Amino acid sequence: MPPLYLLLKPASGLCNLRCRYCFYHDEAGVRQKESYGIMQIEVLEKIIEKALHYASGACTFAFQGGEPTLAGLDFFRAAVALQEKYKDKNLKVYNTIQTNGVLLDEDWCAFLAKEKFLVGLSVDGIKETHDFCRVYPDGSGSFNRVMQAARRMETYKVEFNILTVVYAATARHIAKIYEAYKKQNFRYLQFIPCLDPLQNPAESFALTPERYADFMKRLFDCWYRDLMAGNYISIRQFDNYIGMLRGYPPECCGFSGVCALQNVIEADGSVYPCDFYVLDEYRLGNLCTDRFEEIEQRGKESGFVEASVPLPEECRRCRYAALCRNGCRRHRIGGPAGVNRFCKAYQEFFDYSFERMAALAQNLR
């Protein structure tokens, strides 16, 4: 068994914000049971015990939501204690958490630093773009509170990176956002395109292929300019492209073009193959009653991974197929074997940036 990766949802889809584009709220709304509430400690213990018994070499617990901090700090203290209880001395255990940052007070930051959690902080650019989407239930923006959390984590030396959703406004203001992130000393950045809703894909936040292409080109120019000046800022997308051009495998399924079984675990212990498919028809079992071996076998039998493998004919003819690989399955039109809705955006971006990326890859050899 290789190293094991788990994505846990300790607060299910519960959240203290009402982000206007939230894909998980959209997913939960089409399930028979929208929310499973807060994960019980008994469920958490079964998950950790079975995971650490099954894993080999390393096991990563990635906590997401919803908003995972709603489970409470004592929940995470219990998680670390249970990991210590059940882990083999030769097994490395890692913890990560993706959070909106609203609840990260002094106690939280002290804990995250002490237990060496890697934190992903959700920030949507500058105050104007962030507060348009990432709002409290009363409609007010969360930007100031999130920036306080970032400063607090820096004080406590918590390792964290920034996750930004690319929608119409963040795409339009990307140069200003990039400069603002530099001033904040945010040096590890990830930008992910906004997902269309499952039921009404036309009702999106208007991230058109044309707008996404323009976003990628302008962001690349900012990044490349700084890199050439000796100021390296990690942008996950560009780091992956350069690595792939150097012969390294893509770092995650979104860049490989082939799905992976991610072991997404809801608050009741139910397991799903992917964070974008936590839907009733994709449920693989429940770790309160099933073993990891059974979950893995059902994942293989489901054909979830295999369905993402075939490349459309136009992808096979494309000069950038080895780099693009048709992207994430959730962005494909008409099903897992369809063409990525941002196909033209990627073609335009690679036409614009490929020579510079190839030169960088060559110089790094």
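The notes below deal with the structure included here.

What counts and what doesn't
Residues numbered from 1 in each chain as written. Predicted model: local features only at pLDDT ≥ 70, side-chain atom pairs only at ≥ 80, totals over all residues. Heavy atoms only, no water. Helix = DSSP H or I, 4+ residues; strand = E, 2+ residues; numbered from the N terminus. Rg over C-alpha atoms; globule rule 2.2 N^0.38 Å. Buried < 20%, exposed > 50% of the residue type's maximum accessible area, 1.4 Å probe, protein only. Axes fitted to C-alpha atoms, helices over the stretch in contact; angles between N-to-C directions. Left-handed = near helix turned anticlockwise from the far one by under 90°. Contact = heavy atoms within 4.5 Å. Nonpolar A, V, L, I, M, F, W, Y, C, P; charged D, E, K, R; others polar. Arc of directions from axis to C-beta. Polar contact = N/O pair within 3.5 Å; in protein donor to acceptor, adjacent residues only side chain to side chain. Salt bridge = Lys/Arg side-chain N within 4 Å of Asp/Glu carboxyl O. Phe/Tyr/Trp six-rings, centres within 6.5 Å; stacked < 30°, edge-to-face > 60°. Lys NZ or Arg CZ within 6 Å of the ring centre and 35° of its normal. Pairing = 2+ DSSP bridges. Patch = residues over 30% accessible without salt bridge, like charges linked within 9 Å, V, L, I, M, F, W, Y side chains within 5 Å. Areas by Shrake-Rupley, 256 points an atom, 1.4 Å probe, with all protein chains shown as cover.

The secondary structure content of the protein amounts to 15 helices and 10 strands. A compact globule built from 365 residues should have a C-alpha radius of gyration of about 21 Å, and the protein, at 20 Å, falls within 12% of that. Overall, the protein is about 55 × 45 × 45 Å in size when its C-alpha atoms are taken along their principal axes. Evaluated residue by residue, the protein yields a buried proportion of 50% over its 365 residues.

All right, on to helix H10 (residues 236–245) then. A large share of H10 lies buried, amounting to seven of its 10 residues. Residues of H10 that are buried: Gln 237, Phe 238, Asn 240, Tyr 241, Ile 242, Gly 243 and Met 244. Where H10 terminates, the next one or two residues include Gly 247, which has phi positive at roughly 100°.

Once that is clear, we can look at the environment of Gly 243. One can find Gly 243 in helix H10. For the pair Gly 243 and Pro 310, spaced 67 residues apart in sequence, the C-alpha to C-alpha distance is 23 Å.

This next bit is on the packing of helix H8 (residues 174–183) against helix H9 (residues 209–228). Direction vectors running N to C along H8 and H9 enclose 35°, while the axes themselves pass 9 Å from each other. Viewed along their axes, H8 and H9 form a crossing whose handedness is right-handed. Where H8 abuts H9, its residues Ile 174, Ala 175, Tyr 178, Glu 179 and Lys 182 lie against Phe 215, Arg 218, Leu 219, Cys 222, Trp 223, Arg 225 and Asp 226. Its residues placed into classes, the contact of H8 with H9 shows seven nonpolar, no polar and five charged.

To continue, consider helix H4 (residues 106–114). Listing the buried residues of H4 in full gives Trp 108, Cys 109, Phe 111 and Leu 112. Relative to the axis of H4, the buried residues are bounded by an arc of 160° and lie together on one face. Across from the buried face of H4, at angles greater than 90 degrees, the exposed residues are Asp 107 and Lys 114. Buried-residue contacts for H4 involve helix H3 (73–86), strand S3 (92–99), strand S4 (118–122) and helix H6 (143–156). Regarding H4, its N-cap is Asp 105, as a side-chain oxygen of that residue lies 3.2 Å from the backbone nitrogen of Asp 107 further along. Among the residues trailing H4, Lys 116 stands out with phi positive, at a value near 60°.

A side chain with one charge can pair with a side chain of the opposite charge if their charged atoms come near. Enumeration according to the criterion identifies 22 salt bridges in this entry. Two residues, Asp 221 and Arg 356, come together in a salt bridge whose shortest N-O distance is 3.1 Å. Placement of Asp 221 in helix H9 and of Arg 356 in helix H15 (residues 343–363) is noted, with a sequence separation of 135 residues between them. On the accessibility criterion, Asp 221 (27% relative accessible area) is partly exposed. Between Arg 298 and Asp 290 there is a salt bridge, with its nearest N and O atoms 2.9 Å apart. On the basis of relative accessibility, which here comes to 32%, the residue Arg 298 falls in the partly exposed class. A residue is classified by how much of its surface remains accessible, and Asp 290, at 12% relative accessible area, is buried.

The next point concerns the packing of aromatic side chains. Evaluation of the coordinates by the stated rule reveals 35 aromatic pairs. Between Tyr 212 and Phe 215, the aromatic rings sit 5.8 Å apart at their centres with planes inclined by 10°, giving stacked as the arrangement. On the criterion of helical spacing, the pair formed by Tyr 212 and Phe 215 is a turn pair, its members being three residues apart in helix H9. A relative accessible area of 1% places Phe 215 in the buried class. The cationic tip of Arg 20 hangs over the ring face of Phe 132; the distance from NZ or CZ to the ring centre is 5.5 Å. When the ring centre of Tyr 352 is taken as origin, the NZ or CZ atom of Lys 217, which lies over that ring, is 5.4 Å away.

For the rest of this paragraph, the subject is the pairing of strand S6 (residues 188–193). Because side chains alternate across S6, one face comprises the buried residues Leu 189, Phe 191 and Pro 193, and the other comprises Tyr 188, Gln 190 and Ile 192, none of which is buried. One ladder, built from five bridges, connects strand S5 (residues 160–166) with S6; its direction is parallel. Bridge pairing in S6 links Ile 162 to Leu 189. When S6 meets strand S7 (residues 234–235), the two strands line up parallel, connected through two bridges.

On to a nonpolar patch on the surface. A cluster of nonpolar side chains, Leu 14, Ile 38, Leu 70 and Leu 103, forms an exposed patch at the surface whose accessible area comes to about 260 Å². Take Leu 70: it is sitting in the loop between strand S2 (58–63) and H3. Under the relative-accessibility criterion, Leu 70 is labelled partly exposed at 32%.

The next point concerns the environment of Ile 242. Residue placement: Ile 242 occurs in helix H10. Measuring from C-alpha to C-alpha, the distance between Ile 242 and Leu 323 comes to 9.5 Å, with 81 residues separating the pair along the chain. Not counting the four nearest positions on each side in its chain, Ile 242 is found in contact with Trp 223, Met 357, Leu 360, Ala 361 and Leu 364.

Another aspect to go through is the sheet that holds S5. The 10 strands lie next to each other as S7-S6-S5-S4-S3-S2-S1-S8-S9-S10, forming an open sheet whose pairing is mixed. Single-partner strands in this sheet number two, and they are S7 and strand S10 (285–286). In terms of strand pairing, strand S1 (residues 4–8) meets S2 through five bridges, oriented parallel. Note that in S2 the partner of Leu 7 across the bridge is Ala 62. Packed onto the sheet, H8 meets S5, S6 and S7 and runs at close to 155° relative to S6.

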